[in-house]
Amino acid sequence: VQLQASGGGLVQTGGSLRLSCAASGRTFSSYRMAWFRQAPRKERDFVASISWNGISTYYIDSVKGQFTISRDNAKNTVYLQMNSLKPEDTAVYYCAAAPKTSAWGRNPTQYNHWGQGTLVTVSS
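Residues numbered from 1 in each chain as written. Predicted model: local features only at pLDDT ≥ 70, side-chain atom pairs only at ≥ 80, totals over all residues. Heavy atoms only, no water.

Q: Can you lay out the side chain of Ser49 for me, pointing to particular residues and giving the numbers?
A: Among the structural elements, Ser49 can be located in strand E5 (residues 44-50). Not counting chain neighbours up to four residues away, the residues in contact with Ser49 comprise Met33, Ala34, Ser56, Thr57, Tyr58, Ile69, Trp104 and Tyr111. (Helix = DSSP H or I, 4+ residues; strand = E, 2+ residues; numbered from the N terminus. Contact = heavy atoms within 4.5 Å.)

Written out as structure tokens, the structure reads:
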């Protein structure tokens, strides 16, 4: 599956953005999807994931209640709605896919398909 992320940009503290990740290729619903982010000079960190059917979601504690991951299998797209953004949310955001039968995890090595990344900058 090929992934194309979009929706990043510059936003002020407290603002919102919605990231999208469009998939092409193999059946989108065969994959668990996730968002990761990488801040300058830091490692790539897990943010959120969603099951193949959208029923189960998982977030890191720091974004619970602030970010929402969702997917539309008819549109082959996964979203990340980000509200109340803070400067520490500034990063390149990546979408990733793992086979739905694989074990859930937060390690980037568990995901074998990646989008190109979209930059989110939150100004103070």
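Q: Describe the sheet that holds strand E1 (residues 2-6), naming the residues involved and giving the relevant values.
A: Strand order in the open sheet made by the four strands is E1-E3-E8-E7, with antiparallel pairing throughout. Each edge of the open sheet carries a strand with a single partner, namely E1 and strand E7 (67-72). When strand polarity is set aside, the average angle formed by the axes of neighbouring strands in this sheet is 15 degrees. Note that E7 and strand E8 (residues 77-82) share six bridges and pair antiparallel. Each bridged residue has a counterpart across the sheet, and for Ser70 the counterpart in E8 is Tyr79. (Pairing = 2+ DSSP bridges. Axes fitted to C-alpha atoms, helices over the stretch in contact; angles between N-to-C directions.)

Q: Which residues make up the packing of aromatic side chains, and what values do they have?
A: Per the stated rule, a full pass over the model turns up five aromatic pairs. Ring plane angle 40 degrees and centroid distance 5.8 Å describe the contact between Phe46 and Tyr58, whose orientation is recorded as tilted. With Phe46 in strand E5 and Tyr58 in strand E6 (residues 57-59), this residue pair connects regions lying twelve residues apart in the sequence. For the ring pair Tyr94 and Trp114, a centre distance of 6.4 Å and an interplane angle of 80 degrees mean the geometry is edge-to-face. Placement of the pair is Tyr94 in strand E9 (residues 91-99) and Trp114 in strand E10 (residues 113-114), with a sequence separation of 20 residues. The exposure class assigned to Tyr94 is buried, which follows from its relative accessible area of 13%. By the ring-pair criterion, three or more aromatic residues cluster together here, those being Phe36, Phe46, Tyr58, Tyr94, Tyr111 and Trp114. The ring of Trp104 carries the charged tip of Arg32 above its face, separated from the ring centre by 5.1 Å. Just above the ring of Trp52 sits the side chain of Lys100; from NZ or CZ to the centre is 4.1 Å. (Phe/Tyr/Trp six-rings, centres within 6.5 Å; stacked < 30°, edge-to-face > 60°. Buried < 20%, exposed > 50% of the residue type's maximum accessible area, 1.4 Å probe, protein only. Lys NZ or Arg CZ within 6 Å of the ring centre and 35° of its normal.)

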